[in-house]
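Summary of the model geometry
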Amino acid sequence: MSTPRTVDRAFETALYDTADDALDTAASLLAADPAADAELGRRGEEFVATAWRRGWQPADLVRIVRRELDDVHVRLVAALIRTQAPHDRARGPRWAAQLDDLPDAGTTAPPRTDRFSHATAVLELYRLLLRLPALEPLEAGAAGTAGEAPRRGRENRPESRALARIRALLAKAEATGYPEEAEALSAKAQELMARHSVDEALLAAQAQGSATSPDVPGACRIGVEPPYEQAKAVLLDAVADANHCRAVWNEPFGFSTVVGFEADLEAVELLYTSLLVQAEAAMTKAEAGQRAGGRKRTKTFRQSFLAAYAHRAGTRLRAAAEAATEAATTGAADATLLPVLASREVAVTDRVERMFPQTTTTRLRGTADAAGWTEGTRAADAARVGHHRSLKRG
């Protein structure tokens with residue numbers, strides 16, 4: 001029997017039939033034919049390449065496999081992605097960063113047990129990859145490509161001083177044990193982000209008349225992981241809104257798609273990640289205080305806490321961003337800058353509407369714990385950070 005035929009039979013048996021006995025039969029076929037391993041790996045690379053054509057990216061695949069299957073499958077898909085990458089075309093710096101962040105990046109292959117168990121895990125992974133639906137493509141170029149929005153040579157430039165300062169401020173905010181200090185540092189970071197956004201907008205406007213490719217809105221996906229993913233999606237939405245971006249939450253696949261210009265996308269990724277760390281630290285501290293007072297905390301407390309934190313933080317961030325932008329637009333630059341900012345907002349809105357012609361809104365659930373809401377508000381206020389936000393869902 002030829003090796004491809006062994007793999008074909010195994011796929012016919014297992015991938016299109018979800019019964020456990022079908023999976024066992026197919027795994028037995030593969031386990032009995034060691035020569036089939038190379039062909040099985042090659043087919044896996046084809047599944048990965050197909051996922052890229054359907055709009056998925058490396059971080060998306062790892063995220064969905066982690067949500068739906070087990071650690072062994074995460075290692076398997078990471079190994080497949082790394083093996084397929086050299087045969088792929090260049091896809092831009094954000095994609096390259098995702099490859100660098102793959103789990104177990106220093107290993108050559110996931111650990112193997114007996115052949116039957118390994119074949120079973122591979123087939124379980126391939127079942128999932130086979131059934132992945134198409135996602136909205138993130139590229140701003142022609143349909144069917146998977147590139148990134150033009151970045152005016154950004155990938156060849158060192159990180160700006162502004163972003164380095166923002167990272168340093170957020171690192172200090174995460175490290176401090178004082179909520180007021182964390183809030184002040186985060187607010188300063190948001191102020192710098194707003195100024196950086198204005199600077200990038202002016203640079204882009206100056207490039208419009210040159211041979212440099214004009215700047216256009218890009219998009220990225222940011223994981224919104226359980227538990228309490230609704231509240232986390234609200235926080236991400238607030239951060240995106242404060243930074244001239246729009247976020248659309250995909251609840252089933254555990255991510256939000258954020259649309260905006262590249263400098264603003266970088267700011268959203270940085271600030272959201274940092275605020276999550278700060279919020280969870282503040283929540284742990286609040287829970288300890290509640291337990292010391294003899295009150296047992298619940299899942300509803302934590303959900304309410306994070307929802308209130310996001311609610312307050314959104315108001316705080318928008319105020320800081322608006323103040324910085326207003327200061328930047330005062331004076332001689334006013335006539336140039338205001339039309340630039342307005343046109344960029346229109347471009348972002350247009351991109352969102354083209355990517356997501358239909359969205360729905362949802363209201364937060366499980367936020368009825370008054371103590372959790374009060375503590376979350378206090379934590380964000382101590383950081384002084386407002387309004388019940390609706391979520392856009394694709």
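Just so you know, these numbers come straight off a predicted model, no measurement behind them.

A complete count under the given rule lists 20 salt bridges for this structure. For R115, the salt bridge identified is with D37, shortest N-O distance 3.0 Å. Of the two residues, R115 is situated in helix α7 (residues 115-130) and D37 in helix α3 (residues 37-53); the sequence distance between them amounts to 78 residues. The residue E262 makes a salt bridge to R94 at a minimum N-O spacing of 2.6 Å.

In this structure, the amide linkage connecting P226 to the following residue, P227, adopts the cis form with an omega of 0 degrees. Following the sequence through the fold, P227 ends up in the loop between β1 (218-223) and α10 (229-242). A positive phi angle, near 60 degrees, is found at Y228, a position not held by glycine. As for its placement among the helices and strands, Y228 is situated in the loop between β1 and α10. We classify Y228 as buried; its relative accessible area is 11%. Positive phi, normally seen in glycine, also occurs at H244, with a value near 65 degrees. Its place among the elements puts H244 in the loop between α10 and β2 (246-250). Accessibility expressed as a relative area gives 31% for H244, which makes it partly exposed.

On to the packing of helix α8 (residues 161-175) against helix α11 (residues 262-292), then. Between α8 and α11, the least distance of the axes is 9 Å, while the angle of their chain directions is 10 degrees. Taken together, α8 and α11 sit at an angle that is classed as roughly parallel. Contact residues: α8 offers L163, I166, R167, L170, A173 and E174, while α11 offers E266, L270, L271, S274, V277 and Q278. Taken together, the residues that form the contact of α8 with α11 break down as seven nonpolar, two polar and three charged.

Reading the values: the criteria
- Residues numbered from 1 in each chain as written.
- Predicted model: local features only at pLDDT ≥ 70, side-chain atom pairs only at ≥ 80, totals over all residues.
- Heavy atoms only, no water.
- Salt bridge = Lys/Arg side-chain N within 4 Å of Asp/Glu carboxyl O.
- Helix = DSSP H or I, 4+ residues; strand = E, 2+ residues; numbered from the N terminus.
- Buried < 20%, exposed > 50% of the residue type's maximum accessible area, 1.4 Å probe, protein only.
- Axes fitted to C-alpha atoms, helices over the stretch in contact; angles between N-to-C directions.
- Parallel < 35°, antiparallel > 145°, perpendicular 65-115°, else oblique.
- Contact = heavy atoms within 4.5 Å.
- Nonpolar A, V, L, I, M, F, W, Y, C, P; charged D, E, K, R; others polar.

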